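Remarks on the overall topology
One letter stands for each residue in the lines below.
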Amino acid sequence: DTEVTQTPKHLVMGMTNKKSLKCEQHMGHRAMYWYKQKAKKPPELMFVYSYEKLSINESVPSRFSPECPNSSLLNLHLHALQPEDSALYLCASSQGTGLLLTPNTGELFFGEGSRLTVL
Amino acid sequence: GQNIDQPTEMTATEGAIVQINCTYQTSGFNGLFWYQQHAGEAPTFLSYNVLDGLEEKGRFSSFLSRSKGYSYLLLKELQMKDSASYLCAVRDRGGNKLTFGTGTQLKVEL
């Protein structure tokens, strides 16, 4: 199983709603990531979890709250979002972080994303 | 910080060869990746370079020069399905962070 599964695929929410995006992988990967991607732009890193601990927060507003309940699951809790937060949210996983030797390239495997629209 | 640049758009003909360049300036380096992303889909891994030189993988090859902060992705025998965005990404020295370049939208024409 080389898949990263994200749910829901589409989400429409109001600015006062609370919702969550979910991500799951069963590849035994120990690092998981959230990226945000706007149309015709590259993915922008939001958070990195390594061994279920938050290792990077790229100065993301607190209205985005990540959670890693176990090594296979990653959530992104959303509250009081703004219309400009509308984007594709991509989850990814990799074997791990830190120095890696070939052939373990440590590439990221991406899910298909959750397309979020904030009204 | 990291600054990663690619051409915004390129057009090439089916059956031809195209080279997509990527230049980077980083505070630390632990590998360079190329990803392909079709519209509305997730990025998929194409290639990885951590040492200088050329890595070949079927119709795709990637080159890295660490001293010049330069990489390219070479696509041979172009097919219509190769029309996509190609993203160069650099991993930091700590290995925790993968930062993507601006992306190159490739259009393959008949």
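These notes cover the structure that comes with them. (Residues numbered from 1 in each chain as written. Chains lettered and ligands numbered in written order. Predicted model: local features only at pLDDT ≥ 70, side-chain atom pairs only at ≥ 80, totals over all residues. Heavy atoms only, no water.)

**Some words on the sheet that holds strand β8 (residues 70–75) of chain B**
All names here are of chain B. Strand order in this open sheet of five strands is β1-β3-β8-β7-β6, and the pairing throughout is antiparallel. On the outer flanks of this sheet lie β1 (2–5) and β6 (53–57), each paired with one strand and no other. Averaged over all adjacent pairs, the angle separating strand axes in this sheet is 15 degrees, with direction ignored. Pairing geometry for β1 and strand β3 (residues 18–26), over four bridges, is antiparallel. Bridge assignment links Ile4 to a residue of β3, and that residue is Tyr24. (Pairing = 2+ DSSP bridges. Helix = DSSP H or I, 4+ residues; strand = E, 2+ residues; numbered from the N terminus. Axes fitted to C-alpha atoms, helices over the stretch in contact; angles between N-to-C directions.)

**Let's talk about the pairing of β6 of chain B**
The side chains of a regular strand alternate, residue by residue, between the two faces of the sheet. All names here are of chain B. The sheet contact formed by β6 and strand β7 (residues 60–65) spans five bridges and is antiparallel. Counted as the bridge partner of Glu55 is Ser62 from β7. Taking the residues between adjacent antiparallel strands as the criterion, β6 and β7 are bridged by two residues, where Gly58 takes a positive phi near 65 degrees.

**Some thoughts on the state of the cysteines**
Residues and elements named next belong to chain A. Scanning the model with the defined rule gives two disulfides over all chains in all. Paired through a disulfide, Cys23 and Cys91 show a sulfur-sulfur distance of 1.9 Å. Note on the Cys23 and Cys91 pair: the S-S dihedral is about -75 degrees, so by sign convention the disulfide is left-handed. With Cys23 in strand β3 (residues 18–25) and Cys91 in strand β9 (residues 87–94), this residue pair connects regions lying 68 residues apart in the sequence. Accessibility expressed as a relative area gives 1% for Cys23, which makes it buried. (Disulfide = S-S within 2.5 Å. Buried < 20%, exposed > 50% of the residue type's maximum accessible area, 1.4 Å probe, protein only.)

**Considering the interface of chain A and chain B**
Listed as interface residues are 23 residues of chain A and, on the opposing side, 20 residues of chain B. Of all residues in chain A, Pro42, Thr105 and Phe110 of chain A bury the most surface against chain B, accounting for 24% of the area lost on that side. Run the count over chain A and chain B and you get one salt bridge. Measuring nitrogen to oxygen at the nearest pair gives 3.0 Å for the salt bridge that ties Lys97 of chain B to Glu58 of chain A. Residue assignment for the side of chain A that touches chain B shows that the elements contributing at least two residues are β4 (31–37), β5 (44–50) and β6 (53–57) of chain A. Class assignment of the residues belonging to the side of chain A that touches chain B gives a composition of twelve nonpolar, eight polar and three charged. (Contact = heavy atoms within 4.5 Å. Buried area = accessible area lost by both parts, 1.4 Å probe. Salt bridge = Lys/Arg side-chain N within 4 Å of Asp/Glu carboxyl O. Nonpolar A, V, L, I, M, F, W, Y, C, P; charged D, E, K, R; others polar.)

**Section: the side chain of Gln36 of chain B**
Residue and element names in this part refer to chain B. Mapped onto the secondary structure, Gln36 falls in strand β4 (residues 32–37). Gln36 gets classed as buried once you look at its relative accessible area, which sits at 11%. Looking at Gln36, its side chain comes within polar contact range of the side chain of Tyr86, at 2.9 Å. Look past the residues within four positions of Gln36 in its chain and what remains in contact with it is Ala42, Pro43, Thr44, Leu46, Lys81, Asp82, Ala84, Ser85 and Tyr86. (Polar contact = N/O pair within 3.5 Å; in protein donor to acceptor, adjacent residues only side chain to side chain.)

**Regarding the side chain of Glu107 of chain A**
Considering the arrangement of structural elements, one finds Glu107 of chain A in the loop between β9 and β10 (109–110). Summary of buried charges: Glu107 of chain A has no salt-bridge partner, and the nearest side chain of opposite charge, Lys57 of chain B, is 6.5 Å away. Apart from the residues lying within four places of it in its own chain, the contact partners of Glu107 of chain A are Ser93 and Ser94 of chain A together with Phe33, Tyr35 and Phe45 of chain B. (Lys, Arg positive; Asp, Glu negative; His and termini not counted.)

Function-wise, these values are silent; they only describe arrangement.
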